[in-house]
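This is what each chain is made of:
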Amino acid sequence: MNLNNSQFTRYEDNNNVWLSQNSTQEFNFTDYGITPTILSTEAEVGQAMLNELYSTAASKEGDINIALLGGRGAQELHRLLGELAKSTEQDKLLARLNVFTQDALAPLSMNNGFSFVRDFERILGDAFFKKIKSFTPMRTDTKDLESSLIEYLTKLEELGGLDIFFIGHGPEENQASHLAYIKPFSGAKSHHIAGIIPISSSILEHHISKFKAGGSVVNESDEKECRSAEYILTLGPAAILQAKKVVQSVVDADSAPAKIQTYANVLNTNLSSNKEEAILQLNTNPGLWIRLHPNTKSFVLPNLGL
């Protein structure tokens, strides 16, 4: 693919393709840690996430750019937004929203029940998508995944980047974790805005079980197509670090008990003050990237055992 006329630079690391913005400045590795907010119910987590959207809306004028979180983590937020969209109560706010997805399995038809887009439509509802300013998913039904990812990133860049990155926390082997779908040992660096990474069987199993546990409407042919996906499209560390605010939610430790240990590891692992060592830590456990953002909220339930 020809990137000569693009504002993005392409890097390849062990079959992982990462894209960077050409204007990226040097990143300052400051470990801000995480201070979790423990709430008693998933509904309270959803309301807390909605309140973060309200506070962003009150603190700026014009468009609000957000990345939706897939899976269980934001389902209560999405239900609340879907309910609001059925009334006229927040029509002005909804009309300001530019909504982006943050990751996807590919290749996958856009109407597959295991795609995040279908799941968002199921819970947010038609009224939400009619009232927002724009919706930009990562395209998963194209032969040229890189070109379509660059189109997506160009739109995000033209709109000024993310105001809120709604993010989760996914367990990985060796008590590591992922954010969006930034996998351990995928070579993600602080200047990488998005990537295309080869899929693993563990990711596929996690994705399929997560969707089934979340109540997605799926069938056998959807599952068969999903199991033949080869890549993960994901926003990268730069998208997280450049977002004005990161809002994390971890609500499903009952159905994904590995998160109890993997979240504790992110909470309790200090990043090395030696930059090379810190980069190694982040590549081994990408869940740690969240510690480098100065404006992070992490809403969790008591079932994380904190």
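These numbers come from a predicted model, not from an experiment. (Residues numbered from 1 in each chain as written. Predicted model: local features only at pLDDT ≥ 70, side-chain atom pairs only at ≥ 80, totals over all residues. Heavy atoms only, no water.)

### A closer look at the packing of helix H2 (residues 75–86) against helix H4 (residues 116–124)
The contact between H2 and H4 brings their axes to 8 Å, and the two run at 50°. On the basis of the axis angle, H2 is oblique to H4. Every residue of H4 that contacts H2 at Gln75, His78, Arg79, Leu81 and Gly82 is listed here: Asp119, Phe120, Arg122, Ile123 and Leu124. Looking at the contact of H2 with H4 residue by residue, the class counts come to four nonpolar, three polar and three charged. (Axes fitted to C-alpha atoms, helices over the stretch in contact; angles between N-to-C directions. Helix = DSSP H or I, 4+ residues; strand = E, 2+ residues; numbered from the N terminus. Parallel < 35°, antiparallel > 145°, perpendicular 65-115°, else oblique. Contact = heavy atoms within 4.5 Å. Nonpolar A, V, L, I, M, F, W, Y, C, P; charged D, E, K, R; others polar.)

### Quick notes on the side chain of Asn265
Note that Asn265 resides in helix H10 (residues 258–268). Given a relative accessible area of 16%, Asn265 falls into the buried group. From its side chain, Asn265 meets the backbone oxygen of Gln175 in a polar contact 2.8 Å long. If we ignore the near neighbours within four places in the chain, the residues touching Asn265 are Gln175, Asn285 and Leu288. (Buried < 20%, exposed > 50% of the residue type's maximum accessible area, 1.4 Å probe, protein only. Polar contact = N/O pair within 3.5 Å; in protein donor to acceptor, adjacent residues only side chain to side chain.)

### Topic: the packing of helix H1 (residues 42–59) against H2
Following both chains from N to C, one finds H1 and H2 inclined at 60°, their axes separated by 7 Å at the closest point. Handedness of the H1/H2 crossing: right-handed. For the pair H1 and H2, the contacting residues are Glu42, Ala43, Gly46, Gln47, Met49, Leu50, Leu53 and Tyr54 in the first and Glu76, Leu77, Leu80, Leu81 and Leu84 in the second. When grouped by side-chain class, the residues that make up the contact of H1 with H2 number nine nonpolar, two polar and two charged. (Left-handed = near helix turned anticlockwise from the far one by under 90°.)

### Re the layout of surface pockets
Estimates place the volume of the second largest pocket at around 160 Å³. Arg72, Pro171, Glu172, His206, Ser209, Lys210, Ala213, Asp252, Ser255, Ala256 and Ala258 together form the lining of the second largest pocket. Broken down by element, the lining of the second largest pocket gets its largest block of residues, four residues, from helix H7 (residues 201–213). Within the lining of the second largest pocket, the residues separate by chemical class into four nonpolar, three polar and four charged. (1 Å grid on protein atoms, 1.4 Å probe; cavity = no way out; pocket = protein on both sides within 12 Å on 5 of 7 lines; lining within 4 Å. Points joined across faces, edges and corners; volume = space filled by probe spheres on them.)

### Considering the sheet that holds strand S4 (residues 64–67)
In a beta sheet, neighbouring strands are held together by backbone hydrogen bonds and run either parallel or antiparallel to one another. One open sheet accounts for seven strands, arranged S3-S14-S13-S8-S4-S5-S7; its pairing is parallel. This sheet does not close on itself; its edge strands, each paired only once, are strand S3 (36–38) and strand S7 (134–136). With direction set aside, neighbouring strand axes in the sheet form an average angle of 20°. Here S4 runs beside strand S5 (residues 97–100); their pairing, made up of four bridges, is parallel. (Pairing = 2+ DSSP bridges.)

### Some details on the nonpolar core
In this structure, Leu53, Leu105, Phe128, Leu153, Phe165 and Leu235 are the most contacted members of the largest nonpolar core, which totals 92 residues. Here Phe128 is in contact with Leu81, Ala85, Leu94, Leu97 and Val99, once residues within four sequence places are set aside. (Core = buried A, V, L, I, M, F, W, Y, C linked by side-chain atoms within 4.5 Å.)

### Things to note about unusual backbone geometry
A cis amide bond, omega -10°, links Ala106 with the succeeding residue Pro107. On the secondary structure map, Pro107 appears in the loop between strand S6 (103–106) and H4. Phi is positive for Asn15, close to 75°, though the residue is something other than glycine. Locating Asn15 in the fold gives a position in the loop between strand S1 (8–13) and strand S2 (16–21). Given a relative accessible area of 52%, Asn15 falls into the exposed group.

### Regarding the packing of aromatic side chains
Tallied over the full model, the rule gives six aromatic pairs. Plain terms: the ring middles of Phe116 and Phe211 are 5.2 Å apart, the flat faces sit at 55° to each other, and that makes the pair tilted. With Phe116 in helix H4 and Phe211 in helix H7, this residue pair connects regions lying 95 residues apart in the sequence. When its relative accessible area of 6% is taken as the criterion, Phe116 is described as buried. Phe211 sits in the buried class, given a relative accessible area of 1%. Between Phe128 and Phe129, the aromatic rings sit 5.3 Å apart at their centres with planes inclined by 90°, giving edge-to-face as the arrangement. Summarising the burial analysis for this pair, Phe128 and Phe129 share the class buried. Among the aromatic side chains, those forming a connected cluster through ring pairs are Phe114, Phe116, Phe120 and Phe211. (Phe/Tyr/Trp six-rings, centres within 6.5 Å; stacked < 30°, edge-to-face > 60°.)

### A short note on empty space enclosed by the protein
The final tally for this structure, using the stated rule, is three cavities of 30 Å³ or more. When residues of the lining of the largest cavity are traced back to their parent elements, those giving at least two are H7 and strand S13 (245–250). Class assignment for the residues of the lining of the largest cavity results in six nonpolar, 10 polar and five charged. The computed volume of the second largest cavity comes to approximately 90 Å³. Surrounding the second largest cavity, 13 residues form its lining, Ala104, Ser115, Phe116, Val117 and Thr140 being those nearest its centre. For the lining of the second largest cavity, the elements supplying multiple residues, two or more each, are S6 and H4. When residues of the lining of the second largest cavity are assigned to their parent elements, the largest contribution, three residues, is made by S6. A class-by-class count of the residues in the lining of the second largest cavity yields eight nonpolar, four polar and one charged.

Read these as geometric descriptors, not functional statements.
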